[in-house]
Amino acid sequence: MVDFGFDIKHLFPQPIIRVQPHSLRPKITQLHHHHYSLNVNPQRRHLTLPSCQLSQILDVMGKLSADAQGLRHPVTTADKLTADQVVYLMADEAAGHWAITGLLKVGTKDLFLFDQEGCCRRANQTPAILDFYVHESRQRCGQGKLLFEWMLEQQGWSPRKCSVDRPSKKLLAFMGKHYGLVRTIPQGNNFVLYEGFFDDPITKC
Ligand code: ACO
């Protein structure tokens, strides 16, 4: 499990939390007046702020996800998180102490997509699965399903309406197993769409 050198329990009032850019960047006033770890060297004090701890967690988990997918550059870092994106972080204390078990980054994208007839359509604010990772020690135990279901509920999304950015073989298998999503609609970009995506009316371009 990943050791962050600080206790993560206080960051998790429940097993899955939502992280958005505003939860990450500490304001100057916070840096001057926060009440965390007053014994820490003042120059390093801000590192104990929850917002900084969350940034470190995002960077480390983003790197592990990239390694697991064989990507040279992480899809998820604290700096790269934009206002239209959300990261869901999952943790538990199954290992005897609180540890991060998974990360799921989602967002909305304005995309030009091909429908089943091969016509190009504009799809604004398309739900997109951008980065998904469960720690190696916990894969294939249902953790990914838990995290994904939580995300769908929070976002108000249904699986067949999600576009998936460069899915790995494992994620393709995951979507097939849990949601019966196997048949895809070929695209000219890196996104994978599943049949059913265009079932409701959508703007034609
Ligand atoms: N080989 C093939 N299929 C797999 C594997 C694997 N090693 N691991 C998970 N799956 C699929 C299978 O369908 C599996 O069902 P099965 O065991 O009956 O075959 C199912 O996922 C298991 O479901 P969960 O236990 O709920 O999923 P898990 O906790 O393993 O999380 C995830 C799935 C996130 C894909 C995880 O396996 C992982 O982190 N993999 C490495 C990183 C990765 O590939 N992430 C997706 C990148 S693409 C993107 O993010 C847009």
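Calculation rules
Residues numbered from 1 in each chain as written. Predicted model: local features only at pLDDT ≥ 70, side-chain atom pairs only at ≥ 80, totals over all residues. Heavy atoms only, no water. Near = heavy atom within 4 Å. Polar contact = N/O pair within 3.5 Å; in protein donor to acceptor, adjacent residues only side chain to side chain. Helix = DSSP H or I, 4+ residues; strand = E, 2+ residues; numbered from the N terminus. Nonpolar A, V, L, I, M, F, W, Y, C, P; charged D, E, K, R; others polar. Expected span 1.5 Å × (residues − 1). Buried < 20%, exposed > 50% of the residue type's maximum accessible area, 1.4 Å probe, protein only. Contact = heavy atoms within 4.5 Å. Salt bridge = Lys/Arg side-chain N within 4 Å of Asp/Glu carboxyl O. Arc of directions from axis to C-beta. Pairing = 2+ DSSP bridges. Axes fitted to C-alpha atoms, helices over the stretch in contact; angles between N-to-C directions.

*Asks:* Looking at this model, I keep getting lost on the site of the ligand. Mind explaining?
*Replies:* For the ligand, the set of nearby residues contains 26 residues, the closest of which are Phe132, Arg140, Gly142, Ser168 and Lys177. For the ligand, an oxygen atom lies 3.1 Å from a polar atom in the backbone of cysteine 141. Here an oxygen atom of the ligand sits 2.7 Å away from a polar atom, N or O, in the main chain of glycine 142. Elements represented by at least two residues in the shell around the ligand include exactly α2 (50-69), β4 (120-134), α3 (143-155), β5 (163-165) and α4 (169-179). Each residue belonging to the shell around the ligand can be placed in one class, and the counts come to 12 nonpolar, seven polar and seven charged.

*Asks:* Mind showing me how you'd approach α2 here?
*Replies:* Since the α-helix packs 3.6 residues into each turn, any two residues three or four apart lie on the same face. Look at α2: 28 Å from first C-alpha to last across 20 residues, which is about the 28 Å you get at 1.5 Å a residue. When α2 is considered as a whole, its buried residues turn out to be Ser51, Cys52, Gln53, Leu54, Ser55, Ile57, Leu58, Met61, Gly62, Ser65 and Ala66. Residues of α2 that are buried sit in contact with β1 (16-19), β2 (85-92), β3 (99-114) and β4. A positive phi of about 70° marks glycine 70, the residue just after α2.

*Asks:* What is the right way to look at the pattern of salt bridges in this model?
*Replies:* Charged atoms that come close allow side chains of opposite charge to pair. Under the counting rule described, the total for this entry stands at five salt bridges. Its salt-bridge partner being arginine 121, residue aspartate 115 comes within 2.7 Å of it at the nearest N-O pair. In this pair, the class of aspartate 115 matches that of arginine 121, namely buried. Note that glutamate 195 and arginine 183 form a salt bridge whose closest N and O atoms lie 3.1 Å from each other.

*Asks:* Mind showing me how you'd approach α3 here?
*Replies:* Here α3 is 13 residues long and its end C-alpha atoms lie 18 Å apart, about the 18 Å a rise of 1.5 Å per residue gives. What α3 keeps buried is the set Gln143, Gly144, Leu147, Phe148, Met151 and Leu152. Summarising the axial view, the buried residues of α3 lie within an arc of 165°, below the 170-degree limit, and thus occupy one face. Taken together, the buried residues of α3 touch β1, β2, β3, β4 and α4. Just downstream of α3, glycine 156 is the residue with a positive phi angle, here 70°.

*Asks:* Would you explain the sheet that holds strand β7 (residues 191-194) in this entry?
*Replies:* Sheet strands associate in pairs through backbone hydrogen bonding, adopting either a parallel or an antiparallel arrangement. An order of β1-β2-β3-β4-β5-β7-β6 is seen for the seven strands of this open sheet, with the pairing classed as mixed. Unpaired on one side and paired on the other, β1 and β6 (184-185) mark the two borders of the sheet. Here α3 sits on the sheet and contacts β1, β2, β3 and β4; the angle it forms with β2, its principal contact strand, is near 140°.

*Asks:* For this particular structure, what's the right way to read the environment of isoleucine 16?
*Replies:* In this fold, isoleucine 16 is placed in strand β1. In this structure the C-alpha to C-alpha distance between isoleucine 16 and aspartate 92, which are 76 residues apart in sequence, comes to 8.9 Å. Discounting residues that sit within four places of it in the chain, isoleucine 16 has contacts with Tyr88, Leu89, Met90, Leu146, Leu147 and Trp150.

*Asks:* Would you mind showing me how to read the pairing of β7 here?
*Replies:* Taking every second residue as pointing to the same face, both faces of β7 are buried, with Phe191 and Leu193 on one and Val192 and Tyr194 on the other. As judged from the two bridges shared by β6 and β7, these two strands associate in the antiparallel manner. Counterpart to threonine 184 in the pairing with β7 is tyrosine 194. Turn length for the β6-β7 hairpin, with the two strands adjacent in sequence and antiparallel, is five residues.

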